[in-house]
Amino acid sequence: PSPSPVGPIGSGAKVDQVKRYFDAFLEANLNAKRMDLGLFSAEETGMRLVENIFNETGDLGLARLLNDFFSAWETLSNRPEGIPERRLLVEKGKLLAENIRTKFQGLRDLEHEMGLKLKSVVDRINDLARQIAELNLQITSAETGGHEANDLRDHRDRLVSELSKFAPIRYFENKDGAYNVILGRGFNLVDVDRAWRLEISGTKVYWVGHQGEKARLTGKEVTGGELGGWLRIVEQISDDWNHEYVSGSRAVIRPNGSLLTEDVTFEELRLSVGDEFRFTGKDHFGNTVNGSYKITDPTKTVRDLLNEIERTFGFTVSAYIEDRRLYIKDAYRGPGHLAFSFTQTPLDFGSFDNPS
């Protein structure tokens, strides 16, 4: 210290290093709870919206109208010849039918609103993934030579925390200090400086690869975060999910590396005359179905095979290609006994399980 009139004055302090203390284990556990919070918050909001449609507190509640309808039947059974009793039954039936129609339309409108909510969630996930990839590059560049990019790391961890609220993720740090982030059941989201994106069409959400390949994400693949919560609500109210379906577990890629579509010819798939598809399954009512399709003209397309599957099932199913996979969808609503598998096939579509 140097003497002065006010006392000894030092020469100051020299900062040698700023050390960042970060508990990765604690942060990972907090992020897991954020995933649960996002899931339950989205589900709670969605269920409240559904409750507003099925409001049973008033005189026009569905339970009240059903009770009135069957009471009118009982009244008519006691006096079948009565004109007032018949008119009452007709009026109660009209009220019930109109109420059901209104609620169904309400669910359709709500599904559209949820599609808009899903879009905002998907857009935010894409934005966060892009920012994390950019920060990965900045951090690896800044820490070359033994320096520590503490501020950049703090910023990245905040983004990961926010991302965990929107989607179920797993992440780990590589030897260069960059994060790799995986979405749901094995979908890459961030790998060093590369970011994958999600895409939405209506209420259908897809993971998109760098080669343009797509995989649909459902409540089975995305089990947490706001994205998982909204997907689960949509799957419960959407009429599309009232039909059972089975899908091939393997995505088919054409020999030239492009995506499989229904208009691809067997010749383009390098299949020959005489190659045969044999399949078996059960329809909605549990009836056993067996069929086959033999290639007689290599210029025929995959759609011709799908048409034969539908015809064999008596047109009680629709067969289509989506995301390079074969889907068999029940034409009847509600739970049934739908099953399908190939016993012989020159194309490997994988096993057919019910993904719902």
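Bear in mind the structure is a predicted one, so any value in this text is a computation, not a measurement.

Undergrad: Hey, could you go over the overall build of the chain for me, with residue numbers and the actual values?
TA: Assigned secondary structure in the chain consists of six helices and 14 strands. The C-alpha atoms of the chain give a radius of gyration of 30 Å, which is well past the 21 Å a tight globule of 356 residues would have. In terms of its C-alpha atoms, the chain occupies a principal-axis envelope of roughly 120 × 65 × 25 Å. Sequence separation of at least 24 residues holds for 61% of the intrachain contacts in the chain that already meet a minimum separation of 6. Summed over all atoms, the accessible surface of the chain reaches about 19900 Å², with 51% contributed by carbon and sulfur. The average position of the 46 basic charges and that of the 55 acidic charges among the side chains of the chain differ by 1 Å.

Undergrad: If you had to explain the packing of helix 1 (residues 24-53) against helix 4 (residues 150-166) to someone new, which residues and values would you point to?
TA: Helix packing for two helices is described by the angle between their axes and how far apart those axes are. The N-to-C vectors of helix 1 and helix 4 enclose an angle of 35°; their axes lie 7 Å apart at closest approach. Across from Glu27, Asn31, Arg34, Met35 and Gly38 in helix 1, the residues of helix 4 making contact are Asp157, Val160, Ser161, Ser164 and Lys165. Residues that form the contact of helix 1 with helix 4 fall into these classes: two nonpolar, four polar and four charged.

Undergrad: Any details on the side chain of Asp330? Residues and values, ideally.
TA: The residue Asp330 is located in strand 12 (residues 325-330) in this model. Buried charged residue Asp330 carries no salt bridge. Nearest counter-charge: Lys329, at 9.9 Å. Side-chain polar atoms of Asp330 contact the backbone nitrogen of Tyr332, separated by 3.0 Å. With near-sequence residues (within four places) excluded, Asp330 lies in contact with His243, Glu244, His284, Thr316, Val317 and Leu338.

Undergrad: So what's going on with the sheet that holds strand 14 (residues 352-353)? Which residues, and what values?
TA: Spatial ordering of the open sheet is given by 11-12-8-14, a layout of four strands whose pairing is antiparallel. Of all the strands in the sheet, just strand 11 (317-322) and strand 14 have a single pairing partner and so form its edges. Looking at chain direction, strand 8 (residues 245-248) and strand 14 are connected through two bridges and run antiparallel. Opposite Ser247, over in strand 14, you have Asp353 as the bridge partner.

Undergrad: So what's going on with the packing of helix 4 against helix 5 (residues 225-237)? Residues and values would help.
TA: In contact at an axis separation of 3 Å, helix 4 and helix 5 are set at 10° when each is read in the N-to-C sense. Here helix 5 runs roughly parallel to helix 4, going by the angle between their axes. In this structure, helix 4 uses Ser164, Lys165 and Phe166 to contact helix 5, whose residues at the interface are Gly225, Glu226 and Leu227. Split into classes, the residues belonging to the contact of helix 4 with helix 5 amount to two nonpolar, two polar and two charged.

Undergrad: How would you explain helix 2 (residues 62-78) if you had to name every residue and give the values?
TA: One turn of the α-helix equals 3.6 residues, which is why residues spaced by three or four share an orientation. Here helix 2 contains 17 residues, and its C-alpha end-to-end distance of 25 Å stays within 8% of the 24 Å for a straight helix at 1.5 Å per residue. What helix 2 keeps buried is the set Leu62, Leu65, Phe69, Ala72 and Leu76. Looking straight down helix 2, one finds its buried side chains confined to an arc of 85°; they lie on one side. Exposed residues lying more than 90 degrees from the buried face of helix 2 are Phe70, Glu74 and Asn78. Buried residues belonging to helix 2 abut helix 3 (83-142).

Undergrad: Describe in detail the sheet that holds strand 4 (residues 194-195), supporting the description with residues and values.
TA: Adjacent strands of a sheet pair through backbone hydrogen bonds, lying either parallel or antiparallel. Spatial ordering of the open sheet is given by 1-2-3-4, a layout of four strands whose pairing is antiparallel. Each of the sheet's edge strands pairs with one partner strand only, and the pair in question is strand 1 (169-173) and strand 4. By the bridge criterion, four bridges tie strand 2 (residues 179-183) to strand 3 (residues 187-191) in an arrangement that is antiparallel. Pairing of Val181 across the sheet is with Val190, part of strand 3. Contacts between helix 3 and the sheet are confined to strand 2, strand 3 and strand 4, with strand 3 contributing the most and set at about 40° to the helix. Along the sheet face, helix 4 touches strand 1, strand 2 and strand 3 and points at about 160° away from the line of strand 1.

Undergrad: Just give me the short version of the pattern of salt bridges, but keep the residues and values in it.
TA: All chains considered together, the criterion is met by 28 salt bridges. Across the pair Glu134 and Arg130 runs a salt bridge, and its minimum N-O distance is 3.0 Å. Taken together, the positions of Glu134 and Arg130, both in helix 3 and four residues apart, correspond to about one turn of that helix. Salt bridges linked by common partners bring Arg124, Asp127, Arg130, Glu134 and Glu162 together as one network.

Definitions and limits used
- Residues numbered from 1 in each chain as written.
- Predicted model: local features only at pLDDT ≥ 70, side-chain atom pairs only at ≥ 80, totals over all residues.
- Heavy atoms only, no water.
- Helix = DSSP H or I, 4+ residues; strand = E, 2+ residues; numbered from the N terminus.
- Rg over C-alpha atoms; globule rule 2.2 N^0.38 Å.
- Contact = heavy atoms within 4.5 Å.
- Areas by Shrake-Rupley, 256 points an atom, 1.4 Å probe, with all protein chains shown as cover.
- Lys, Arg positive; Asp, Glu negative; His and termini not counted.
- Charge placed at Lys NZ, Arg CZ, Asp CG, Glu CD.
- Axes fitted to C-alpha atoms, helices over the stretch in contact; angles between N-to-C directions.
- Nonpolar A, V, L, I, M, F, W, Y, C, P; charged D, E, K, R; others polar.
- Buried < 20%, exposed > 50% of the residue type's maximum accessible area, 1.4 Å probe, protein only.
- Salt bridge = Lys/Arg side-chain N within 4 Å of Asp/Glu carboxyl O.
- Polar contact = N/O pair within 3.5 Å; in protein donor to acceptor, adjacent residues only side chain to side chain.
- Pairing = 2+ DSSP bridges.
- Parallel < 35°, antiparallel > 145°, perpendicular 65-115°, else oblique.
- Expected span 1.5 Å × (residues − 1).
- Arc of directions from axis to C-beta.

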